[in-house]
Each structure stands twice: as structure tokens, then as C-alpha cells.
Amino acid sequence: MLLALLKTMRPRQWTKNIFVFAALVFDHKLFVAEYAWQTVAGFFLLCLLSSAVYVLNDLADIEKDRQHPKKRLRPLPSGKLSKSVAWGAVALFLAGGLPAAFALDFGFGVIAGVYVVGN
């Protein structure tokens, strides 16, 4: 079940979140520990929140995906991942990720919240 959840979280898509490091690179602060730590934390929080969005979208599309030749093999439509575990993961990821984003930085929390609501 955990492998099915991990697959639904789409870790290969997490590389898109690397853009948060661009500010450190262009501001020449990549090796300043405080900024680097905050950026790494922000990266992982974005991965967690984007995973919540991926799982939520898969839950919303489960019936349609069951009719698709390729998407029907995904963990939720195929039954390898239960809806209750998926819903629990979404709740956990959002309940942990959004407050942590605000704790990291209020502005980052706002951006993370807008990302989640927008998607």
C-alpha cells in the first residue's frame, strides 16, 4: 500500500520544485546556511503539497481513469491504493504541509496556499 501511495504522489514530478533554488543561485546565497536550509525545507514542503494535489486529482478522476487504457493501471483506479488511505494522505499532507509552510515564512505559506487552492 505504501508503494502505491508513493507512486500516486508522483515523486518524479518533484524535480519541478527545484525552481525554488533559483533565487539562491541568482542572489549568490546558495552556500549561506540559513538561506540554504530554508530553501531545502521549502522544496520538501512543495513536494509534500504537490503530492497532496496529485492524490486529490487522482481521487477526483478515479472513475474516468478506470476507463482510460493507461490511467486505469494507476494505483487508485486499479484498486492497489484504497480511497480511504488516499484521503488520509491528502489530509495529513495538507494538515502538516500548510502550517509548516507558514511557519517557515508567512509569504511562502501564502504562496503555498494559493498553489494548493489553485490546483
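**Q** I'd like to hear about the nonpolar core, residue by residue, with values.
**A** Counting 13 residues, the largest nonpolar core has L5, V55, L59, L76, L81 and A86 as its most contacted members. When residues of this core are traced back to their parent elements, those giving at least two are α1 (2-8), α3 (33-60) and α6 (83-104). In terms of residues, this core owes the most to one element, α6, which gives 4 residues. Discounting residues that sit within four places of it in the chain, L81 has contacts with M1, A4, L5, T8, P75, L76 and A86. In terms of nonpolar packing, the next biggest core, distinct from the first, is built from 12 residues, V20, A41, F43 and F108 among them.

**Q** Could you give an account of helix α7 (residues 106-118), naming the residues involved and the relevant values?
**A** Since the α-helix packs 3.6 residues into each turn, any two residues three or four apart lie on the same face. Between its first and last C-alpha, α7 extends 18 Å over 13 residues, near the 18 Å set by a 1.5 Å rise per residue. For α7, the set of buried residues is F108, G109, A112, G113 and V116. Seen along its axis, α7 keeps its buried residues to an arc of 135 degrees; they face one direction. Of the exposed residues in α7, those oriented more than 90 degrees away from the buried face are I111, V114, V117 and G118.

**Q** So what's going on with a positive patch on the surface? Residues and values would help.
**A** A surface patch of like charges, here positive, comprises K7, R12, K16 and K80. Its location among the elements puts K80 in the loop between α5 (75-78) and α6. The exposure class of K80 is exposed, given its relative accessible area of 59%.

**Q** Mind laying out the packing of α3 against α7, listing which residues take part and the relevant values?
**A** Direction vectors running N to C along α3 and α7 enclose 20 degrees, while the axes themselves pass 10 Å from each other. Classified by the angle between their axes, α3 and α7 sit roughly parallel to one another. Here α3 runs over α7; the crossing is right-handed. Residues G42, L45, L46, L49, S50 and V53 of α3 form the contact with α7, whose participating residues are F108, A112, Y115 and V116. A class-by-class count of the residues in the contact of α3 with α7 yields 8 nonpolar, 2 polar and no charged.

Procedures and definitions
Residues numbered from 1 in each chain as written. Predicted model: local features only at pLDDT ≥ 70, side-chain atom pairs only at ≥ 80, totals over all residues. Heavy atoms only, no water. Core = buried A, V, L, I, M, F, W, Y, C linked by side-chain atoms within 4.5 Å. Buried < 20%, exposed > 50% of the residue type's maximum accessible area, 1.4 Å probe, protein only. Helix = DSSP H or I, 4+ residues; strand = E, 2+ residues; numbered from the N terminus. Contact = heavy atoms within 4.5 Å. Expected span 1.5 Å × (residues − 1). Arc of directions from axis to C-beta. Patch = residues over 30% accessible without salt bridge, like charges linked within 9 Å, V, L, I, M, F, W, Y side chains within 5 Å. Areas by Shrake-Rupley, 256 points an atom, 1.4 Å probe, with all protein chains shown as cover. Salt bridge = Lys/Arg side-chain N within 4 Å of Asp/Glu carboxyl O. Lys, Arg positive; Asp, Glu negative; His and termini not counted. Charge placed at Lys NZ, Arg CZ, Asp CG, Glu CD. Axes fitted to C-alpha atoms, helices over the stretch in contact; angles between N-to-C directions. Parallel < 35°, antiparallel > 145°, perpendicular 65-115°, else oblique. Left-handed = near helix turned anticlockwise from the far one by under 90°. Nonpolar A, V, L, I, M, F, W, Y, C, P; charged D, E, K, R; others polar.

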